[in-house]
Amino acid sequence: METIQVSFTELRRTTQRVITFMQVEYWLEADSGLRTAIEDDLGITGLDAEELLKAFSKQFDTDLTDLNFDQYFASEGMEINSLKGVLLAPIAIAFCALLLVWFFVQCLLSLLALPFDKQEARKVFEFSLIGKWGLYSRRRWPNTHPETTFNIGDLVASAAAGHFVKRERVRFVLV
C-alpha cells in the first residue's frame, strides 16, 4: 500500500479542483461524490474516457502511464473488422431473436391464462416483463468491484500522488 503525505488543506483543495474539473468538463452533478464511477455512473467510456484522462493528466500534471485502460473502461463498441466482432455479431443476432421469441411466448401464455386465472396471468406477465430477470427488469449490472471500477476518488488520489493510484491501494497521511 502506497503512503501519500499531504496536508488536509491540500487534499481538500485537490478534491475540490478535481470535482470542479469534472463538473465543468464532463457535467458532473453537484451532489456526486468520490465514489461516482466514471463509466457506470457518468457513462464516460471508450474514446471519451481516453480524452478525459488526457485532459486530467494535463490539468493536474499527473502521470497516468501505469493506468491499464482496458481494465477500467470498455471499448466504444464491437469492431466488425476484428475476428471477435465477426464471430460475436451472429451470436448477438441469434440471442436477440431468441429473446423476442421468449417474450412473445410469455405474452401468449399470459393471454391464454387471462380468462382462467387473472392472478396467475399477472404473475407470468410481471415475471416476463418486469420481474427479477424480465425484459424491463429494474435490476442493473453495474461494475461494483472496486478493483475494476474507476471513480472520482481515484482521480483525486492520482492527482494528490502525481501518478496513477487506486484509492483503495493508497493511504493518506495528513501532515
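Above this text you will find the structure in question.
What comes next concerns the included structure. A quick note: this is a predicted structure, and the numbers were derived from the prediction, not measured.

Each value, and the rule that gives it
Residues numbered from 1 in each chain as written. Predicted model: local features only at pLDDT ≥ 70, side-chain atom pairs only at ≥ 80, totals over all residues. Heavy atoms only, no water. Helix = DSSP H or I, 4+ residues; strand = E, 2+ residues; numbered from the N terminus. Expected span 1.5 Å × (residues − 1). Buried < 20%, exposed > 50% of the residue type's maximum accessible area, 1.4 Å probe, protein only. Arc of directions from axis to C-beta. Polar contact = N/O pair within 3.5 Å; in protein donor to acceptor, adjacent residues only side chain to side chain. Contact = heavy atoms within 4.5 Å. Salt bridge = Lys/Arg side-chain N within 4 Å of Asp/Glu carboxyl O. Core = buried A, V, L, I, M, F, W, Y, C linked by side-chain atoms within 4.5 Å. Axes fitted to C-alpha atoms, helices over the stretch in contact; angles between N-to-C directions. Left-handed = near helix turned anticlockwise from the far one by under 90°. Nonpolar A, V, L, I, M, F, W, Y, C, P; charged D, E, K, R; others polar. Phe/Tyr/Trp six-rings, centres within 6.5 Å; stacked < 30°, edge-to-face > 60°.

Re helix 1 (residues 8-26)
Argument step 1. In this model helix 1 runs 26 Å from its N-terminal to its C-terminal C-alpha over 19 residues, within 8% of the 27 Å that 1.5 Å per residue would give.
Argument step 2. Buried residues of helix 1: Leu-11, Thr-14, Thr-15, Val-18, Ile-19, Phe-21, Met-22 and Tyr-26, and no others. Viewed along the axis of helix 1, the buried residues span an arc of 155°, placing them on a single side of the element. Looking at helix 1, the residues exposed on the side facing more than 90 degrees away from the buried face are Arg-12 and Val-24.
Argument step 3. Just past helix 1, the residue Trp-27 takes up positive phi, approximately 55°.

A short note on the side chain of Thr-36
Argument step 1. Along the polypeptide, Thr-36 turns up in the loop between helix 1 and helix 2 (46-60).
Argument step 2. A distance of 3.0 Å separates a polar atom in the side chain of Thr-36 from the backbone oxygen of Gly-33.
Argument step 3. Those residues in contact with Thr-36 that sit more than four places away from it in its chain are Leu-28, Asp-41, Leu-42, Asn-151 and Ile-152.

A few points about the pattern of salt bridges
Argument step 1. For the coordinates displayed, the defined rule picks out 4 salt bridges.
Argument step 2. With a shortest N-O distance of 2.9 Å, Arg-13 and Glu-10 are connected by a salt bridge. Of this pair, Arg-13 and Glu-10 are both found in helix 1, 3 residues apart, which corresponds to roughly one turn of the helix.
Argument step 3. Asp-154 is paired through a salt bridge with Lys-166; the nearest N and O atoms lie 2.6 Å apart. Highlighted residues: Asp-154 in helix 6 (residues 152-161) and Lys-166 in the loop between helix 6 and strand 2 (170-174), separated in sequence by 12 residues. Side by side, Asp-154 and Lys-166 carry an identical accessibility label, which is buried.

A short note on the nonpolar core
Argument step 1. Within the largest apolar cluster, 25 residues are counted, with the highest numbers of intra-cluster contacts made by Val-18, Met-22, Ile-38, Phe-56, Phe-150, Ile-152 and Leu-155.
Argument step 2. Of all the secondary structure elements, the ones that give two or more residues to this core are helix 1, helix 2 and helix 6.
Argument step 3. The element best represented in this core is helix 1, accounting for 6 residues.
Argument step 4. Not counting the four nearest positions on each side in its chain, Phe-56 is found in contact with Val-18, Phe-21, Asp-61, Thr-62, Leu-64, Leu-155, Ser-158 and Ala-159.

What about the packing of helix 2 against helix 6?
Argument step 1. Contact pair helix 2 / helix 6: the axes reach a minimum separation of 10 Å and the direction vectors enclose 35°. Read as a crossing pair, helix 2 and helix 6 show a hand that is right-handed. Note on element contacts: helix 6 touches helix 2 through Leu-155, Ser-158 and Ala-159, opposite Leu-53, Phe-56 and Phe-60.
Argument step 2. In terms of residue class, the contact of helix 2 with helix 6 is made up of 5 nonpolar, 1 polar and no charged.

Topic: the packing of aromatic side chains
Argument step 1. Taken as a whole and judged by the stated rule, the model has 9 aromatic pairs.
Argument step 2. Note on Phe-73 and Phe-150: the rings are 5.6 Å apart at their centroids and 55° apart in plane angle, and the pair reads as tilted. In this pair, Phe-73 sits in the loop between helix 3 (69-72) and helix 4 (83-113) while Phe-150 sits in the loop between helix 5 (118-129) and helix 6, placing the two residues 77 residues apart along the sequence.
Argument step 3. Taken together, the ring pairs connect Phe-69, Tyr-72, Phe-73, Phe-150 and Phe-164 into an aromatic cluster.

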